[in-house]
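Remarks on the overall topology
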Amino acid sequence: MYKLVLMRHGESEWNAENRFTGWSDVDLTIKGRQQANKAGLLMKEAGYNFDLAYASMLKRAIRTLWVALDSMNIMHTPIGLSWRLNERHYGQLQGLNKSDTAKKYGEEQVLIWRRSYDIAPEPLSLEDSRHPRFDSRYSKIPEKYLPSAECLKDTVNRVVPFWNESISSAIRAGRNVLVVAHGNSLRALIKHIDNIPDGDIMNLNIPTGQPLVYELDENLKVIRNYYLGNPEDIEKSLDSVKNQGKA
Ligand SMILES: O=C(O)[C@H](O)COP(=O)(O)O
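Residues numbered from 1 in each chain as written. Predicted model: local features only at pLDDT ≥ 70, side-chain atom pairs only at ≥ 80, totals over all residues. Heavy atoms only, no water.

Within an unreviewed UniProt entry, the label attached to the protein chain reads 2,3-bisphosphoglycerate-dependent phosphoglycerate mutase, and the organism entered is Candidatus Kinetoplastidibacterium crithidiae TCC036E. In its Pathway (unreviewed entry) section, UniProt records this for the protein chain: "Carbohydrate degradation; glycolysis; pyruvate from D-glyceraldehyde 3-phosphate: step 3/5." Regarding the protein chain, the relevant UniProt record gives this comment under Function (unreviewed entry): "Catalyzes the interconversion of 2-phosphoglycerate and 3-phosphoglycerate." (UniProt positions renumbered as here; feature names shortened; annotations may be inferred.)

What follows is the structure in structure tokens.
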């Protein structure tokens with residue numbers, strides 16, 4: 001049996017301000033750093049150790065990973081960063097307050113933008129200075145792959161090649177792997193590894209800074225999954241994620 005640990009970054013500055021974030025590169029809040037530290041201690045106490053860790057190319061995920069590895073005292077762990085683990089690109093919604101957006105367009109519309117499987121928000125124009133094609137960290141990635149907006153289906157299509165080419169082969173090679181990414185890039189990954197139907201994935205939310213363990217059989221089929229943290233904290237955190245789109 002293999003074990004894989006997935007974790008969403010700790011609270012970010014825009015989580016705290018309830019703004020759509022996507023590929024915007026905002027940092028962790030103090031609370032977010034504390035969550036990452038606590039998550040590391042939790043994993044250490046539970047006997048986890050990692051041979052390899054992955055994060056997206058966004059600093060809220062990278063810093064969460066650094067802080068967690070630091071609190072586990074395993075900062076030597078090799079790290080792979082990939083744009084394929086970045087958050088779902090939220091297009092023109094990026095930067096807007098979720099609750100104000102619900103007041104303007106209605107909660108139902110915001111829920112569609114946040115959780116529908118195949119409806120993407122309005123894209124950023126190719127000339128918008130926030131477009132990833134102007135960001136040097138993505139300069140080696142062919143422009144056709146750089147999103148202007150994504151629905152979850154697009155994010156699944158972006159994340160799955162990274163699972164197939166990197167994460168799953170590391171697991172099969174017997175390496176203990178930690179992946180730190182984002183609410184929607186993890187929903188995309190989980191949809192794939194746990195074979196969740198398109199219609200059911202809208203009910204899955206991921207709390208910030210909570211290690212989520214997946215036990216996998218030799219064919220990488222999911223046996224079971226569970227959070228390491230306190231169930232009440234996780235429930236509270238899940239409710240707050242759900243309620244972000246309320247007017
Ligand atoms: O990009 C964002 O705003 C968050 O990371 C995830 O947002 P969501 O829960 O509204 O999809």
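This paragraph deals with empty space enclosed by the protein. Under the criterion given, the structure shown has one cavity of 30 Å³ or more. Reported here for the largest cavity is a volume of approximately 160 Å³. Lining the largest cavity are 19 residues, and of these Arg-8, Glu-87, Tyr-90, Lys-98 and Asn-184 lie nearest its centre. Among the elements of the structure, helix H5 (107–115) and helix H7 (183–193) are those that each provide at least two residues to the lining of the largest cavity. Here the lining of the largest cavity takes three residues from H7, the largest share from any one element. Of the residues belonging to the lining of the largest cavity, the class tally is three nonpolar, nine polar and seven charged. (1 Å grid on protein atoms, 1.4 Å probe; cavity = no way out; pocket = protein on both sides within 12 Å on 5 of 7 lines; lining within 4 Å. Points joined across faces, edges and corners; volume = space filled by probe spheres on them. Helix = DSSP H or I, 4+ residues; strand = E, 2+ residues; numbered from the N terminus. Nonpolar A, V, L, I, M, F, W, Y, C, P; charged D, E, K, R; others polar.)

What follows is about the environment of Leu-204. Locating Leu-204 in the fold gives a position in the loop between H7 and strand E5 (212–216). For Leu-204, the residues in contact, after removing those within four places along its chain, are Arg-115, Arg-187 and Ile-190. (Contact = heavy atoms within 4.5 Å.)

Now for the site of the ligand. Around the ligand, the structure places Arg-8, Arg-19, Phe-20, Thr-21, Gly-22, Glu-87, Tyr-90, Lys-98, Arg-114, Arg-115 and Asn-184. At 2.8 Å from an oxygen atom of the ligand is found a main-chain nitrogen or oxygen belonging to Thr-21. The side chain of Arg-114 places a nitrogen or oxygen atom 2.6 Å from an oxygen atom of the ligand. When the free accessible area of the ligand is taken as 310 Å², the share hidden by the protein chains comes to 99%. Because more than half of its atoms lie within 2 Å of the grid, the ligand is assigned to the largest cavity. (Near = heavy atom within 4 Å. Polar contact = N/O pair within 3.5 Å; in protein donor to acceptor, adjacent residues only side chain to side chain. Areas by Shrake-Rupley, 256 points an atom, 1.4 Å probe, with all protein chains shown as cover. Sits in = over half its atoms within 2 Å of the grid points.)

In this description, a pair of aromatic rings is defined by centroid distance and the angle of the planes. With the rule as written, the count across this model stands at six aromatic pairs. Aromatic side chains Trp-23 and Tyr-138 sit 4.9 Å apart centroid to centroid with 50 degrees between the ring planes, which places their arrangement in the tilted category. One end of the pair, Trp-23, is in the loop between helix H1 (13–16) and helix H2 (30–45); the other, Tyr-138, is in the loop between H5 and helix H6 (152–172), with 115 residues separating them in the sequence. Side by side, Trp-23 and Tyr-138 carry an identical accessibility label, which is buried. For Arg-84, the ring lying beneath its charged end belongs to Tyr-145, and the centroid distance is 5.8 Å. Taking NZ or CZ as reference, Lys-98 lies 5.4 Å from the ring centre of Phe-20, over its face. (Phe/Tyr/Trp six-rings, centres within 6.5 Å; stacked < 30°, edge-to-face > 60°. Buried < 20%, exposed > 50% of the residue type's maximum accessible area, 1.4 Å probe, protein only. Lys NZ or Arg CZ within 6 Å of the ring centre and 35° of its normal.)

With that settled, consider the packing of helix H4 (residues 98–105) against H5. Running from N to C, H4 and H5 point in directions that differ by 125 degrees, and their axes come no closer than 7 Å. In terms of axis orientation, H4 runs oblique to H5. In this structure, H4 uses Lys-98, Thr-101, Ala-102 and Tyr-105 to contact H5, whose residues at the interface are Glu-107, Gln-109, Val-110, Trp-113 and Arg-114. (Axes fitted to C-alpha atoms, helices over the stretch in contact; angles between N-to-C directions. Parallel < 35°, antiparallel > 145°, perpendicular 65-115°, else oblique.)

With five of five residues buried, strand E4 (residues 177–181) is to be regarded as a mostly interior element. Of the pairings in the sheet, the one linking strand E1 (residues 2–8) to E4 comprises five bridges and is parallel in character. Its bridge partner lying in E4, Val-5 is registered against Leu-178. Both strand E2 (residues 52–55) and E4 contribute to a ladder of four bridges, which runs parallel. Opposite Leu-52, over in E4, you have Val-177 as the bridge partner. (Pairing = 2+ DSSP bridges.)

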